[in-house]
Amino acid sequence: MDGIWSTLAENFLARNPLMRAVAKLTSTHSPRTPAQGLNQLGELSRIRAMIDGLESTLLADTSEMVQRGMPTPLSEENPTLFDYKREIEEHGYPLSRLDQDLNRSSFVAEAALVTRTSEHSTFNRLATAEGLRTVHEASLFALYSGSITSRTAAALVKQTRGIPRATAQQIEASLLPTATTASDAAMALRIKRTRERMHPEPAADRRSRAETGRSLAWWPEEDGMAVLQAYLPAEDVLAIYNTVSVHANMLLPGEADRALGQLRADVFRDSLLEGWPGQPTKKPPPFVGLTIPALELLANPERGTANLEGYGPIPLGVAVRLAATAPSLRPILTDPWTGSVLDLGRKRYKPSKALRDFLRVRDEHCRFPGCRRAPELSEFDHIDDWATGGGTSARNAQLLCKRHQIYKHVLGWQAVYLGNGSLQWRTPHGLTQLELPDGLLYPRPLGPEAPPIQLMLPGTTIDAQAKRLLGWNESEKIPGIGDDSPEP
């Protein structure tokens, strides 16, 4: 029997280049020379390309099955699920569960969930996969054999999108031999130049269409910093940059501490938030929540952190300064033991307004798995529908953007409240995902076992003055917080 299995395994490896490459790499010893290490890095790069090729095949095939309307666990549980008239009566949206674009978008969300990536990234990978499967089959085979990289394959698909199939394949045929040895950067430039030379549509028409994609985006970086990105016509970007540079260079001679790059950033920031000198004062920007843990504020102001809504942790000292000087930031104090909201900064609220503010602080963004749309782009949603008896309360409420409300109410994505602000999501194809609220600083375990006692501030002791400010009884033992005196 062992001999039969060995023969089957050998035959499988002989037919599967990915398995052969993995077997070869894992059978080798640790590198003893730089040359051996470089060779193994090259093998890893080939394996990565093969896996990317396999992922493209899986993405394209699975998406096609979804578009064909193959049964899902959700539809098997409810045979009348795709009754269009009943759908409209149930959820009120002028959309059907059979809508191909809607189902494709929902599949992207499920694929993002299982690969732990963003919907945007997964959508781009699916677009690349479909382009490889339907137009650039030669590149797909080259990717699966490890001859080209996934970045070059993605650049080829992106640059030839919207071009007639025959022209796109001509571009591929002319560049594929070079792609087996050239770097990603070199191939990106070659693909772009070849595209411009062979594109059948005038450049002016393409430029007009590209302008409709103008956008502004940002993403967080480390240490309380972030990057702002504007997608604009090239001449506008250069005009903005040159204008900022002129003003920065005017300030440079009198500066002893700031370099030119810092001055450019400061001029850009000041012009947007405070206006150019002599201009009328601008209105403060919209609400931005600034969550300040009360205990850390008293016990560890130098090493503690606060939470800036939509970004994450920032130094506590910066938060205190912002709370005192920035009119657009609303400071929020939290309970020192659970991280729950103690004070929203107002004394009187109507219940609905208070609940919306509570969700804004607890959820911080749309609660759909992986979605980071801001509260102002999300809406109040009943976890258990109001029409089926769900009440309006913190336990039955979440923030959902419009797209993911449609997923929930039209496509049957399900959310179950687990307590402590946590949700269990179930996809139409039966996958599950636990979603914890970002605004909960110290989430408790959801299982039946009691959580282990942990110091909220590791290595921090609470002195007598801080205890008096917090109103603690000196004779009362506080769980999880050590005494000032060392243990015997």
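Everything discussed here concerns the structure shown above.
Scope of this entry: the structure provided in the associated data block. Quick caveat, the model's predicted, so the values are computed rather than measured.

1. Considerations on the overall build of the protein
Along its length, the protein carries 19 helices and 12 strands. Burial analysis of the protein (488 residues in total) assigns 34% to the buried set. Excluding contacts between residues fewer than 6 apart, the proportion of contacts in the protein whose partners are at least 24 apart in sequence is 53%. Element-wise, carbon and sulfur atoms account for 57% of the exposed surface of the protein, whose accessible area totals about 30100 Å².

2. Observations regarding the environment of Q159
Relative to the helices and strands, Q159 is located in helix α9 (residues 150-159). Along the sequence, Q159 and A188 sit 29 residues apart, while their C-alpha atoms lie 9.0 Å from each other. Excluding anything up to four places from it in sequence, Q159 contacts I191, K192 and R195.

3. Concerning the sheet that holds strand β12 (residues 432-435)
Pairing is antiparallel across the open sheet formed by three strands, whose spatial order is β10-β11-β12. The open sheet is flanked by β10 (414-419) and β12, the only strands paired with a single partner. If you compare each strand with its neighbour and ignore which way they point, the axes differ by 20° on average. Relative to strand β11 (residues 422-426), β10 runs antiparallel, the two being bridged by five bridges. Note that in β11 the partner of A415 across the bridge is W425.

4. As for a nonpolar patch on the surface
Taken together, the side chains of L216, W218, L228, L232, V237, I240, F268, L272 and L273 make up a nonpolar region of the molecular surface, amounting to roughly 830 Å² of accessible area. Taken together, the elements giving at least two residues each to the nonpolar patch come down to β1 (215-220), α13 (234-251) and α14 (260-273). In terms of residue count, α14 provides more of the nonpolar patch than any other element does, three residues in total. Mapped onto the elements of the fold, L216 is located in strand β1. Residue classification places L216 among the exposed positions, given a relative accessible area of 63%.

5. Notes on the pattern of salt bridges
Taken as a whole, this structure holds 20 salt bridges when the rule is applied. We note a salt bridge from E235 to R207, for which the minimum N-O separation is 2.5 Å. Of this pair, E235 sits in helix α13 while R207 sits in helix α12 (residues 203-211); the two residues are 28 residues apart in sequence, bridging distant segments of the chain. For E235, a relative accessible area of 43% corresponds to the partly exposed category.

6. Description of the nonpolar core
In this structure, L102, C366, F368, Y407, W413 and W425 are the most contacted members of the largest nonpolar core, which totals 18 residues. Elements supplying a minimum of two residues to this core: α6 (100-115), β9 (397-401), α18 (402-411), β10 and β11. Sort the elements by how many residues they give to this core and α18 lands first, with four residues. With residues near it in sequence (within four places) discarded, W413 still touches S106, A109, E110, L113, F368, Y407, K408, W425, R426, T427 and P428.

7. A look at α9
Counting along an α-helix, one turn takes 3.6 residues, and residues three or four places apart therefore face a common direction. Along α9, the residues that are buried comprise T152, A153, A155, L156 and V157. Looking at the buried residues of α9, the elements they touch are α7 (119-134), α8 (137-144), α10 (165-179) and α11 (184-198).

8. Re empty space enclosed by the protein
Under the defined criterion, the tally for this structure stands at three cavities of 30 Å³ or more. By volume, the largest cavity is sized at about 70 Å³. What lines the largest cavity is simply S139, I148, T152, A153, L156, E172, L175, L176, A179, M187 and I191. Counting only elements with at least two residues in the lining of the largest cavity, the list comes to α9, α10 and α11. Across the lining of the largest cavity, the residue classes break down as eight nonpolar, two polar and one charged.

9. Quick notes on the packing of aromatic side chains
All chains considered together, the criterion is met by four aromatic pairs. Ring centres of F368 and W425 lie 5.3 Å apart, and the angle between their planes is 65°; this geometry places the pair in the edge-to-face category. Of the two residues, F368 is situated in the loop between α17 (351-363) and β8 (378-382) and W425 in strand β11; the sequence distance between them amounts to 57 residues. The class of F368 is buried, set by a relative accessible area of 1%. Taken together, the ring pairs in this structure connect F368, Y407, W413 and W425 into an aromatic cluster.

10. Section: unusual backbone geometry
One non-glycine residue with positive phi stands out, namely D223, at about 60°. With respect to the helices and strands, the residue D223 is situated in the loop between β1 and β2 (226-231). The phi angle at E364 is positive, at roughly 70°, despite the residue not being glycine. With respect to the helices, strands and loops of the structure, E364 is situated in the loop between α17 and β8. Residue class for E364 comes out buried when judged on its relative accessible area of 7%.

11. What to know about α11
An ideal rise of 1.5 Å per residue puts 21 Å on 15 residues; α11 measures up with 21 Å between its terminal C-alpha atoms. Within the span of α11, buried status applies to M187, I191, T194 and R195. One face of α11 carries all of its buried residues, which in axial projection span an arc of 105°. Across from the buried face of α11, at angles greater than 90 degrees, the exposed residues are A185, R193 and R197. Those residues of α11 hidden inside the fold are in contact with α9, α10 and α12.

Rules used in this analysis
- Note that residues are indexed from 1 along each chain, following the sequence as it is written.
- For this predicted model, a pLDDT threshold of at least 70 governs which residues receive local features, and a threshold of 80 or more governs which side-chain atom pairs are given and counted, while totals over whole chains, interfaces and linings are taken from all residues.
- Water and hydrogen atoms play no part in the side-chain values, which are based on all heavy atoms of the structure.
- Numbering of helices and strands runs from the N terminus, with a helix taken as a DSSP run of H or I at least four residues long and a strand as a DSSP run of E at least two residues long.
- Note on classification: 1.4 Å probe, protein chains only; a residue is buried when its accessible area is under 20% of the maximum for its type, exposed when over 50%, partly exposed between these limits.
- Contact between two residues is taken to exist if any of their heavy atoms lie within 4.5 Å; hydrogens are not considered.
- Under the convention used here, a 1.4 Å probe and the Shrake-Rupley method define accessible areas, while residue burial counts only the protein chains that appear.
- Here, strands pair whenever DSSP counts at least two bridges between them.
- Only the contacting stretch of a helix is used when fitting its axis, a line to C-alpha atoms as for every element, and angles between N-to-C directions run 0 to 180 degrees.
- Each patch groups residues whose relative accessible area exceeds 30% and which form no salt bridge, using 9 Å between like charges and 5 Å between nonpolar side chains of Val, Leu, Ile, Met, Phe, Trp and Tyr.
- By salt bridge we mean one thing: a side-chain nitrogen of Lys or Arg within 4 Å of a carboxyl oxygen of Asp or Glu.
- Grouping buried Ala, Val, Leu, Ile, Met, Phe, Trp, Tyr and Cys residues that are joined through side-chain atoms within 4.5 Å yields what is termed a nonpolar core.
- A pocket, in this scheme, is an open set of points on a 1 Å grid over the protein atoms alone with protein on both sides within 12 Å along at least 5 of 7 lines, while a cavity is a set where a 1.4 Å probe fits but cannot get out; residues line either one if an atom lies within 4 Å of a point.
- Grid points are joined across faces, edges and corners, and a volume is the space filled by probe spheres set on the points.
- Under the convention adopted here, Pro, Cys and the residues Ala, Val, Leu, Ile, Met, Phe, Trp and Tyr are nonpolar, Asp, Glu, Lys and Arg are charged, and Gly plus all remaining residues are polar.
- Between the rings of Phe, Tyr and Trp (Trp by its six-membered ring), a pair exists once the centres lie within 6.5 Å; its type follows the angle of the planes, with under 30 degrees stacked, over 60 edge-to-face, and the other angles tilted.
- A helix is expected to span 1.5 Å multiplied by its residue count minus one.
- As used here, the arc is the angular range of directions from the helix axis to the C-beta atoms.

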